[in-house]
Amino acid sequence: MEAARHGAVGALLVHTSESASYPWQVVVSSNRGEAFALPPEGEPRLAFQGWIAREAVGRLFQMAGRDFAAEEAVAKDTRAKGAKGLPLGVTASLDMKVKRERIASANVIGILPGTDPGLKSEAVLYTAHHDHFGQRVPPVAGERNVYTGALDNASGCAVVLTIARAAAASPPRRSVIVAFVTAEEQGLLGSRHFARHPPLPTGRIAVDINLDGINNKGRTSDLGVIGLGKSSVDDVIRSLAAAQGRSVHGDPFPDRGAFYRSDSFELAQVGVPGARIGGGPHFIGRPEGWGKEQQEHYERHDYHQPSDAYPPSPEAWDLSGAVEDAQLQLLLGLRIGNAPKMPVWTKGDEFEKFRLAAAGDPGPVPRRPFPAAVVEPESAPVDGEVPEKVIDTVRADLGKRTGAKPGAMRVVRAEAVMFGDGSLGCGRPGQSYTQAIVPGYRVVLALEGREYDYRVASRGSLILCDLGPQSK
Ligand SMILES: [Zn+2]
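Not measured: the values here are computed from a predicted model.

Draft legend 1. Structural view of the overall build of the protein chain. The helix and strand tally for the protein chain stands at 13 helices and 14 strands. Every one of the 472 residues in the protein chain was classed for burial, and the buried ones make up 33%. Nonlocal contacts in the protein chain, meaning residues at least 24 apart in sequence, comprise 78% of its contacts between residues at least 6 apart.

The following block contains the structure:
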């Protein structure tokens, strides 16, 4: 995308095992099947893109009478900022049959309204990707051929669901959004779509707490934070980890560039600071180096393989460490959700400018309709919280429609609610609505054996929600 913005027609990414953290073989096996992309929205696109092995690019430069190693050294020299485009004078022609089809997938999103009348228009976001790789093509006889993705990332989804349930028991002042995003394995596509079409302006999203593959190997004495140092979210993580008696450090495998490969990267590019934590690699009661060994074993044998499956005997997964991580992630969301101010990027961080832009001008609220499930806490206030003026307005409207006297109407239901979009929970087929959390009221009046379901935005607009026959 960056290359296209600079005017490139196509791009070949030079692969080395060190920079990618996996061998060329993984590039080959991961790119054998279909490739996915989001539908274009007017942004610059490359006509082609691909990977090229380091050895192959060396030969390509030789054909042009140039030394790739020398050019690479110049490009890598950040002080010189010397990377300049140069004509190779080599051409290639490529003939490839491409079959294109349009498929639909979904980000699954839930919103738990916050308890503070002002702050509930802001939110804490939890993300976990729900996709993996489908079926192995061609199948291998006698072997497991479905990519179940038990650890990557059914486990993260399960924890986010559990956190959502726990948060519903005691919602914070800010709203909580949980998003199970799709197509992460295809290049963070679901979270990119979410970032471009957020359910509320990204300048109002306090943090993205991202989960991808839990710790299934037991309790740890330490905690790794991907992207440590990037924002004030670190302070909250540190204090929660200290309460658990755990030390905090940065990414234990910094060479993998995990932050830039996670869904948090897409949110960071619209200014939302991320929080991706994971226990380890120091496991309590295990020798030094054991955690790293386990991690490497997973990467070699099960990562992105059909063997990433739930074990036949459940004891094979020790979830005691995952529970501690999940407790920390829950409290992290609640604490940020209750704090007077949202977290800030570290001064001068590469993503700070996006936040400043988003806060200064949240931009138009996206219009693309997307079904947002509004989860209301069981303790949702019923009665009492709806101002008398609102009920009077609703009575007056029904009086105008029916000619009935206000005294003949009975209030069946009156509650303060958060609507998930501009339809106030009363969407009509074929219409699109702004995606936003709209605070308002639902008032149901009974009159002569019929019920009239009113939705009122706290800013004033009023809808008589006529979803077919209302009599009960
Ligand atoms: Zn994953």
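Draft legend 2. Fine view of the nonpolar core. Membership of the largest hydrophobic core comes to 59 residues, with the highest contact counts inside it found for L125, V160, V207 and I237. No other element matches the seven residues that helix α11 (residues 320–338) contributes to this core. Residues within four places of L125 in sequence aside, it is in contact with I177, A179, I205, V207, D208, I209 and V272. Membership of the second largest hydrophobic core comes to 17 residues, among which are V386, V394, M418 and V456.

Draft legend 3. Inspection of the pairing of strand β7 (residues 222–226) at higher detail. Within β7, four of the five residues are buried, which leaves it mostly tucked inside the rest of the structure. Where β7 lies against strand β8 (residues 247–249), three bridges are found, and the strand directions are parallel. Paired with L223 across the bridge in β8 is V248. Handedness of the β7-helix α8 (residues 233–243)-β8 crossover: right-handed. The sheet contact formed by β7 and strand β9 (residues 274–279) spans four bridges and is antiparallel. Looking at β9, one finds that L223 is bridged to G279.

Draft legend 4. Region of the structure containing helix α6 (residues 150–169). Spanning 20 residues, α6 covers 27 Å between terminal C-alpha atoms, matching the ideal 28 Å at 1.5 Å per step. When α6 is considered as a whole, its buried residues turn out to be L151, D152, N153, S155, G156, C157, V159, V160, I163 and A167. Those residues of α6 hidden inside the fold are in contact with β3 (108–112), β4 (123–129), β5 (175–181), β6 (205–211) and α11.

Draft legend 5. Main features of unusual backbone geometry. Residue N153 follows D152 across a cis peptide bond; omega there is 15 degrees. Tracing the sequence through the fold places N153 in helix α6. Here G280 and P281 are connected by a cis peptide whose omega angle stands at 15 degrees. Relative to the assigned elements, P281 resides in the loop between β9 and α10 (290–301). Not every positive phi belongs to a glycine, and A183 is a case in point at roughly 50 degrees.

Draft legend 6. Region of the structure containing the environment of A416. Relative to the helices and strands, A416 is located in strand β11 (residues 410–421). On a C-alpha basis, the gap between A416 and P439 in space is 7.7 Å, while along the polypeptide they are 23 residues apart.

Draft legend 7. Up close: the packing of α6 against α11. Put simply, α6 and α11 touch, their axes get as near as 10 Å, and they point 50 degrees apart. On the basis of their axis angle, the class for α6 and α11 is oblique. Handedness of the α6/α11 crossing: right-handed. On α11, the residues that touch V159, T162, I163, A166 and A167 of α6 are A326, Q329, L330, G333 and L334. Its residues assigned to classes, the contact of α6 with α11 comprises seven nonpolar, three polar and no charged.

Draft legend 8. Main features of the pairing of β5. The buried count for β5 comes to seven of seven residues, which makes it a mostly enclosed element. Because side chains alternate across β5, one face comprises the buried residues S175, I177, A179 and V181, and the other comprises V176, V178 and F180, equally buried. As defined by bridge partners, β3 adjoins β5 across five bridges and the pair is classed as antiparallel. By the bridge assignment for β5, I111 is matched with I177. Of the pairings in the sheet, the one linking β4 to β5 comprises seven bridges and is parallel in character. Across the sheet, residue A123 finds its bridge partner in β5, namely S175.

Draft legend 9. Molecular detail of the packing of α8 against α11. Where α8 contacts α11, the two axes come as close as 10 Å, and the packing angle between them is 135 degrees. In terms of axis orientation, α8 runs oblique to α11. Like other packed secondary-structure pairs, α8 and α11 cross with a definite hand, here right-handed. On α11, the residues touching V236, I237, L240 and A241 of α8 are L328, L331, L332, R335 and I336.

Draft legend 10. Representation of the environment of K347 within the structure. Within the secondary structure layout, K347 lies in the loop between α11 and α12 (352–360). C-alpha separation for the pair K347 and S232, spaced 115 residues apart in sequence, amounts to 10.0 Å.

Draft legend 11. The arrangement of the confidence of the model for the protein chain in detail. Averaged over all residues, the pLDDT of the protein chain equals 85, while 90% of them reach at least 70. This model gives residues 363–384 a pLDDT under 50, and the stretch forms 42 contacts once residues within four places in sequence are excluded.

Conventions adopted
- Residues numbered from 1 in each chain as written.
- Predicted model: local features only at pLDDT ≥ 70, side-chain atom pairs only at ≥ 80, totals over all residues.
- Helix = DSSP H or I, 4+ residues; strand = E, 2+ residues; numbered from the N terminus.
- Buried ≥ 20, exposed ≤ 12 C-beta atoms within 10 Å, placed from the backbone.
- Contact = placed C-beta atoms within 7 Å.
- Core = buried A, V, L, I, M, F, W, Y, C linked by C-beta atoms within 7 Å.
- Pairing = 2+ DSSP bridges.
- Right-handed = clockwise from strand over helix to strand, strands pointing away.
- Expected span 1.5 Å × (residues − 1).
- Axes fitted to C-alpha atoms, helices over the stretch in contact; angles between N-to-C directions.
- Parallel < 35°, antiparallel > 145°, perpendicular 65-115°, else oblique.
- Left-handed = near helix turned anticlockwise from the far one by under 90°.
- Nonpolar A, V, L, I, M, F, W, Y, C, P; charged D, E, K, R; others polar.
- pLDDT = per-residue confidence, 0-100.

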